[in-house]
Amino acid sequence: FFHIILGKMLQPNRINENDTLEKYLCAANVGKNTLSLNEIKEMWFTEKEKEQYALQKGDLLVVEGGVVASSAIININVTNIYIQNALHRVRAKFNDDIRFLRYMLTASKAVGHIDLICNKATIAHFTKDKFSKLTYLIPPSAEQQSIANYLDEKCAEIDNLISLLEEMIGELKAYKQSVITETVCKGLNKNAPMKDSGIEWIGEIPKNWGVAKIKNFVAIKNGKEVLSSEGD
């Protein structure tokens, strides 16, 4: 149902005089299921390789090694950008919705199936062979599109909620730190007379407080050093 092609191996140096230096995408550009074009690297390509590995709007990119099966769809017009062999480029052969395949990959990864077939004993690899043999559900094309449209809308809502919650969490963490700092350095009585502590980062402290070095009040002892056994 899909054409799957793995990108070009890294070629940092020019081999033939007709090679040209071109931009390419790698696994880092598709991390966390999001396409990032903020940093695009370059390497050498032949004319034939540029035809073979070229990217276009609508292509699905799937990570082959590392964070396997992370994926993103190119939703903007791109020209003269290619892929490195940490990525698969996927295009539909018929009328299948590429978004539906992407959501299927997300579901397969979420339940642990992809990690299982990739054998994460060392560095996981979602090879073209494993990818090609993955079970694919086949609803009618119109239903695939309806499912993808629904998930696009629903996931966008959830992503917005996550962003809001992350912002709130950041604000709460900052508030928590300010409460700790204010209470430790100023005390609980907001109306207490204050004096300069003589310490820049602390500022004023309650008038009946003092300032001294910690060593005058607590005993500090280093732990035992860990010695490596011979041959480790």
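Below: a short report on this structure. (Residues numbered from 1 in each chain as written. Predicted model: local features only at pLDDT ≥ 70, side-chain atom pairs only at ≥ 80, totals over all residues. Heavy atoms only, no water.)

### So, the layout of surface pockets
Think of a ball as big as a water molecule: rolled over the atoms, this probe shows where empty space is left. Roughly 500 Å³ of internal volume is contained in the largest pocket. Along its surface, the largest pocket is lined by 17 residues, and Asn33, Thr34, Arg102, Tyr103 and Asp159 are the ones closest to its centre. Listed by contribution, the elements that provide at least two residues to the lining of the largest pocket are β5 (71–73), α2 (98–110) and α5 (141–186). Tallied by class, the residues present in the lining of the largest pocket amount to 10 nonpolar, 3 polar and 4 charged. What the second largest pocket holds in volume is close to 290 Å³. Lining the second largest pocket we find Val184, Cys185, Ile199, Trp201, Ile202, Ile205, Trp209, Gly210, Val211, Ala212, Ile214 and Phe217. Looking at the lining of the second largest pocket residue by residue, the classes come out as 11 nonpolar, 1 polar and no charged. (1 Å grid on protein atoms, 1.4 Å probe; cavity = no way out; pocket = protein on both sides within 12 Å on 5 of 7 lines; lining within 4 Å. Points joined across faces, edges and corners; volume = space filled by probe spheres on them. Helix = DSSP H or I, 4+ residues; strand = E, 2+ residues; numbered from the N terminus. Nonpolar A, V, L, I, M, F, W, Y, C, P; charged D, E, K, R; others polar.)

### Points about the pattern of salt bridges
One pass over the full model with this rule turns up 9 salt bridges. When the shortest N-O distance is used, the salt bridge between Glu22 and Lys50 registers 3.3 Å. With Glu22 in strand β2 (residues 20–25) and Lys50 in helix α1 (residues 47–53), this residue pair connects regions lying 28 residues apart in the sequence. Residue Glu22 shares its accessibility class with Lys50, and that shared class is buried. Asp59 serves as the salt-bridge partner of Arg91, at 2.6 Å between the closest nitrogen and oxygen. Linking Arg91 in strand β7 (residues 87–92) with Asp59 in the loop between α1 and β4 (60–63), this pair joins segments that are 32 residues apart in sequence. You can call Asp59 buried: its relative accessible area is 1%. Here the salt bridges share partners, and the residues they tie into one network are Glu22, Glu47 and Lys50. (Salt bridge = Lys/Arg side-chain N within 4 Å of Asp/Glu carboxyl O. Buried < 20%, exposed > 50% of the residue type's maximum accessible area, 1.4 Å probe, protein only.)

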